[in-house]
Amino acid sequence: MAGKIDARLAELKIELPKAAVPVANYVPVVIAGNTAYVSGQVTVWNGEFKFIGKVGQEFSTEQAAQAARICGLNIIAQLKNALGDLDRVKRIAKLGVFVNCLDSFTEQPKVANGVSDMMVEVFGEAGKHARSAVGVNTLPLNVAVEVDAIVEIA
């Protein structure tokens, strides 16, 4: 029987991507006590990279928010892979959102809303989190957005 969060994903018609395998010397999720640390997730969907380029140049704020949402879905996929059951998520504690953008771009918080809104949509009150939204001059493989997470688990 599907858990509460799996049922919520189905209700929202949200499909999770396959959890990406690390391409370097790190692990996707580290569990320490009741905390899961999720490595930065980028704009990859089932092995295909999306949103390659800079926000404010190749992508609008709205498109970058969609990119951030993909990162969030990858975070959830990594949590499901590591925990087995998404109902073990007690709280999305913190998200770090990194936006590959022009120096003049100042709408990082609006980009971050793409992942923040989705976490609340999926996890309800437990999806409300602290966050950082930071503009950077480049990200791995020139992806537009990368997001990492700290999650309280049962």
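As shown above, the structure is provided for reference.
Reference entry: report on the structure contained in this document. (Residues numbered from 1 in each chain as written. Predicted model: local features only at pLDDT ≥ 70, side-chain atom pairs only at ≥ 80, totals over all residues. Heavy atoms only, no water.)

Considering the environment of Ser132
Looking at the element boundaries, Ser132 is found in strand 6 (residues 130-136). A C-alpha to C-alpha distance of 14 Å links Ser132 and Gly72, two positions 60 residues apart in sequence. Among residues more than four places away in sequence, those in contact with Ser132 are Lys94, Leu95, Gly96 and Val97. Among the polar contacts listed, one links the side chain of Ser132 to the side chain of Lys94, at a separation of 2.9 Å. (Helix = DSSP H or I, 4+ residues; strand = E, 2+ residues; numbered from the N terminus. Contact = heavy atoms within 4.5 Å. Polar contact = N/O pair within 3.5 Å; in protein donor to acceptor, adjacent residues only side chain to side chain.)

Focus: the pattern of salt bridges
Inspection of every chain in the model, using the stated rule, returns 7 salt bridges. We note a salt bridge from Glu125 to Lys128, for which the minimum N-O separation is 2.8 Å. Residue class for Glu125 comes out exposed when judged on its relative accessible area of 57%. (Salt bridge = Lys/Arg side-chain N within 4 Å of Asp/Glu carboxyl O. Buried < 20%, exposed > 50% of the residue type's maximum accessible area, 1.4 Å probe, protein only.)

A word on the layout of surface pockets
The space that makes up the largest pocket amounts to roughly 390 Å³. Lining of the largest pocket is provided by 20 residues; of these, Ala20, Val21, Val23, Tyr26 and Val42 occupy positions nearest its centre. Considering every element that reaches the lining of the largest pocket, the biggest residue donor is strand 2 (residues 35-42), with 4 residues. When the residues that make up the lining of the largest pocket are grouped by side-chain class, the tally is 12 nonpolar, 6 polar and 2 charged. (1 Å grid on protein atoms, 1.4 Å probe; cavity = no way out; pocket = protein on both sides within 12 Å on 5 of 7 lines; lining within 4 Å. Points joined across faces, edges and corners; volume = space filled by probe spheres on them. Nonpolar A, V, L, I, M, F, W, Y, C, P; charged D, E, K, R; others polar.)

Focus: the pairing of strand 1 (residues 29-32)
It is a general feature of regular strands that their side chains alternate between the two faces of the sheet. Bridging between strand 1 and strand 2 involves 4 bridges; their strand directions are antiparallel. Each bridged residue has a counterpart across the sheet, and for Val30 the counterpart in strand 2 is Tyr37. The turn joining strand 1 and strand 2, which pair antiparallel and follow one another in sequence, is formed by 2 residues; a positive phi near 65° is taken by Gly33. (Pairing = 2+ DSSP bridges.)

Points about the packing of helix 2 (residues 61-83) against helix 3 (residues 108-123)
Taken N-terminus to C-terminus, the directions of helix 2 and helix 3 make an angle of 40°; their axes are 7 Å apart at the nearest point. Here helix 2 is positioned oblique relative to helix 3, judged by the angle of their axes. By crossing handedness, the relation of helix 2 to helix 3 is classed as right-handed. Residues Thr61, Ala64, Ala65, Ala68, Arg69, Gly72, Leu73, Ile75 and Ile76 of helix 2 touch helix 3, and the partners they reach there are Lys110, Val111, Gly114, Val115, Met118, Met119, Glu121, Val122 and Phe123. (Axes fitted to C-alpha atoms, helices over the stretch in contact; angles between N-to-C directions. Parallel < 35°, antiparallel > 145°, perpendicular 65-115°, else oblique. Left-handed = near helix turned anticlockwise from the far one by under 90°.)

Focus: the side chain of Thr35
Its location among the elements puts Thr35 in strand 2. On the basis of relative accessible area, Thr35 is assigned to the buried category, the value being 17%. If we ignore the near neighbours within four places in the chain, the residues touching Thr35 are Val30, Ile150, Val151 and Ile153.

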